[in-house]
Amino acid sequence: MEALIAKTAEVLATSKNAIALTGAGISTESGIPDFRSPGGLWTRVDPGEFSIDRFLQNPSRFWRMHLDLKSSGDFDLASADPNPAHYALARMEQMGILKCIITQNVDNLHQRAGSVEVVEFHGNLLRAACMKCRSLEPIEDVEARIESGESEAPRCRNCGGLLKPDAVFFGEAIPSRALMISQVQSQKCDVLIVVGTSLQVYPAAQIPLSVKLKHPPAVVVEVNREPSSLHEQVTDILMIGSAGDILSRLLEALETRVNLH
Ligand code: NAD
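For clarity, every value in this text was computed on a predicted model and none was experimentally measured.

Cut-offs applied
- Residues numbered from 1 in each chain as written.
- Predicted model: local features only at pLDDT ≥ 70, side-chain atom pairs only at ≥ 80, totals over all residues.
- Heavy atoms only, no water.
- Buried < 20%, exposed > 50% of the residue type's maximum accessible area, 1.4 Å probe, protein only.
- Helix = DSSP H or I, 4+ residues; strand = E, 2+ residues; numbered from the N terminus.
- Pairing = 2+ DSSP bridges.
- Axes fitted to C-alpha atoms, helices over the stretch in contact; angles between N-to-C directions.
- Contact = heavy atoms within 4.5 Å.
- Near = heavy atom within 4 Å.
- Polar contact = N/O pair within 3.5 Å; in protein donor to acceptor, adjacent residues only side chain to side chain.
- Areas by Shrake-Rupley, 256 points an atom, 1.4 Å probe, with all protein chains shown as cover.
- Nonpolar A, V, L, I, M, F, W, Y, C, P; charged D, E, K, R; others polar.
- Domains from an automatic or database assignment.
- 1 Å grid on protein atoms, 1.4 Å probe; cavity = no way out; pocket = protein on both sides within 12 Å on 5 of 7 lines; lining within 4 Å.
- Points joined across faces, edges and corners; volume = space filled by probe spheres on them.
- Buried area = accessible area lost by both parts, 1.4 Å probe.
- Salt bridge = Lys/Arg side-chain N within 4 Å of Asp/Glu carboxyl O.
- Phe/Tyr/Trp six-rings, centres within 6.5 Å; stacked < 30°, edge-to-face > 60°.
- Core = buried A, V, L, I, M, F, W, Y, C linked by side-chain atoms within 4.5 Å.

Peer 1: Give a detailed account of the pairing of strand β6 (residues 163-167), specifying residues and quantitative values.
Peer 2: With respect to burial, β6 is a largely interior element, five of its five residues being buried. Sheet analysis places strand β4 (residues 123-130) next to β6, joined by four bridges and oriented antiparallel. By the bridge assignment for β6, alanine 129 is matched with lysine 164.

Here it is, written out as structure tokens:
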């Protein structure tokens, strides 16, 4: 592992446009379960519950499930804090090494760790958005309206449209701005660090494929507990283990290198 960390530090330190693609695995050490690991959310919840069709059929049923997941502690994003992996990426941005993070996560933990250039590919579950006028509300306000008995499926205070968590559900399009910035960043990048994602969800999984197809291809570094489904096609440097541990050690190697030069 030490040699792989040293090699990655070298690649990053000499890069011009390094970016990161993160997934649910970067937040498991903050106590938020991922989807596909043993004991992950899919062992407890039917993925179909997160489809837009099911939400529209019965929004109050969705909101009830959302509150149950939160109160059981199974998926309580508001109480989670960033872990050393989030802080390491934030520090790499401050050092001028990492230019942006494209995250599939909806937990806001990169921003809370201090990362500034964050592309929310799948939205953010700490906000609710009106499906008609797109105005935003903190999700805790919507939750409070349900818990107080005001409404089982709250509506927008501006236009009366249905409120939905501002996260991308199955069957919904990726927000166009996030998609556009991700495409531009992927085209420019020379190093892509993939952290904590199984790369089974598209179009996010297209990002590592696209950076290997361009000329010259980017170097892809992968940090995962289990190798991603695309590691044989895309990964140049594979580090298997905890994101918190590996990214902290990588940051240490980068800081040592910067201090020496
Ligand atoms: P996934 O569950 O499919 O895969 C998680 C990956 O992370 C696996 O490869 C696993 O081996 C790895 N992993 C788990 N813990 C790790 C750790 N501590 N260190 C390193 N690697 C670790 O997740 P995905 O690919 O992100 O796809 C799931 C989708 O679900 C995403 O699109 C995301 O929007 C959503 N989701 C988000 C959150 C969140 O915001 N925290 C949580 C669950 C799901």
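Peer 1: Please provide a residue-by-residue account of the sheet that holds strand β8 (residues 219-224), values included.
Peer 2: Reading across the sheet, the six strands line up as β3-β2-β1-β7-β8-β9 and stay open at both edges, with parallel pairing between neighbours. The sheet terminates laterally at β3 (118-120) and β9 (237-240), the two strands that pair on one side only. Averaged over all neighbouring strand pairs, the angle between strand axes comes to 15°, with direction disregarded. Bridge analysis of strand β1 (residues 18-22) against strand β7 (residues 191-195) gives five bridges, and the strand direction is parallel. From the neighbouring strand, threonine 22 faces β7, where its bridge partner is valine 195. Packing against the sheet, helix α1 (residues 2-13) makes contact with β1, β7, β8 and β9, and its axis sits at approximately 130° to β9.

Peer 1: Quick rundown of the site of the ligand? Include the residues and the values.
Peer 2: Neighbouring the ligand are 29 residues; Glu29, Phe35, Arg36, Gln104 and Ser198 lie closest to it. Interatomic distance of 2.8 Å between a side-chain N/O atom of aspartate 107 and a nitrogen atom of the ligand. One of the backbone N or O atoms of alanine 243 is found 2.9 Å from a nitrogen atom in the ligand. In isolation the ligand offers 870 Å² of accessible surface; the protein chains occlude 96% of this area. Considering only residue class, the shell around the ligand consists of nine nonpolar, 14 polar and six charged. Shared between two domains, the shell around the ligand takes at least three residues from each, and those domains are domain 1 (2-31 + 82-122 + 174-260) and domain 2 (33-79 + 125-167).

Peer 1: So what about empty space enclosed by the protein? Which residues, and what values?
Peer 2: Throughout the structure, instances matching the rule amount to one cavity of 30 Å³ or more. The wall of the largest cavity is formed by 14 residues, among which His66, Phe75, Leu77, Leu125 and Glu143 lie closest to the centre. At the level of elements, α3 (59-71), β4 and α6 (139-147) are the ones that each hand at least two residues to the lining of the largest cavity. Residue composition of the lining of the largest cavity, grouped by class: ten nonpolar, one polar and three charged.

Peer 1: I'd love a proper account of the layout of surface pockets, names of residues and values included.
Peer 2: What the second largest pocket holds in volume is close to 410 Å³. Considering the residues around the second largest pocket, the lining is formed by 20 residues, among which Gly123, Arg127, Arg134, Asp166 and Pro175 are closest to the centre. Counting residues per element, the ones that place at least two in the lining of the second largest pocket are β3, β4, β6 and α7 (176-188). Per-element accounting of the lining of the second largest pocket gives the leading share, four residues, to β6. By residue class, the composition of the lining of the second largest pocket is twelve nonpolar, one polar and seven charged. When we break the lining of the second largest pocket down by domain, the ones giving at least three residues each are domain 1 (2-31 + 82-122 + 174-260) and domain 2 (33-79 + 125-167).

Peer 1: Got a sec to walk through the domain arrangement of the chain? Specific residues and values, please.
Peer 2: Segmenting the chain into domains produces domain 1 (2-31 + 82-122 + 174-260) and domain 2 (33-79 + 125-167). A C-alpha centroid distance of 28 Å is found between domain 1 and domain 2. Opposite the 13 residues of domain 1 that make contact, domain 2 presents eleven residues. Taken together, the two surfaces of domain 1 and domain 2 that pack against each other cover about 830 Å², and 54% of this comes from carbon and sulfur. Linking domain 1 with domain 2 are one salt bridge, by the criterion used here. The partner of arginine 127 in a salt bridge is glutamate 120, and the shortest N-O contact between them spans 3.0 Å.

Peer 1: Any details on the packing of aromatic side chains? Residues and values, ideally.
Peer 2: Throughout the structure, instances matching the rule amount to ten aromatic pairs. With a centroid separation of 3.8 Å and an interplanar angle of 20°, the aromatic rings of phenylalanine 35 and tryptophan 42 are classed as stacked. A centroid spacing of 6.0 Å and a plane angle of 80° characterise the contact between phenylalanine 62 and tryptophan 63, whose relative ring orientation is edge-to-face. Under the relative-accessibility criterion, tryptophan 63 is labelled buried at 0%.

Peer 1: So, the nonpolar core: which residues are in play, and what are the values?
Peer 2: Note on soluble globular proteins: their nonpolar side chains tend to be buried together. Counting 28 residues, the largest nonpolar core has Phe55, Phe62, Trp63 and Phe75 as its most contacted members. Elements supplying a minimum of two residues to this core: α2 (52-57), α3, β4, α6 and β6. Element by element, the count of residues in this core is highest for α3, at five residues. Setting aside its immediate chain neighbours within four residues, phenylalanine 62 contacts Glu49, Phe50, Phe55, Pro165 and Phe169. Of all hydrophobic cores here, the second largest spans 26 residues; its members include Leu12, Ile26, Leu247 and Leu250.

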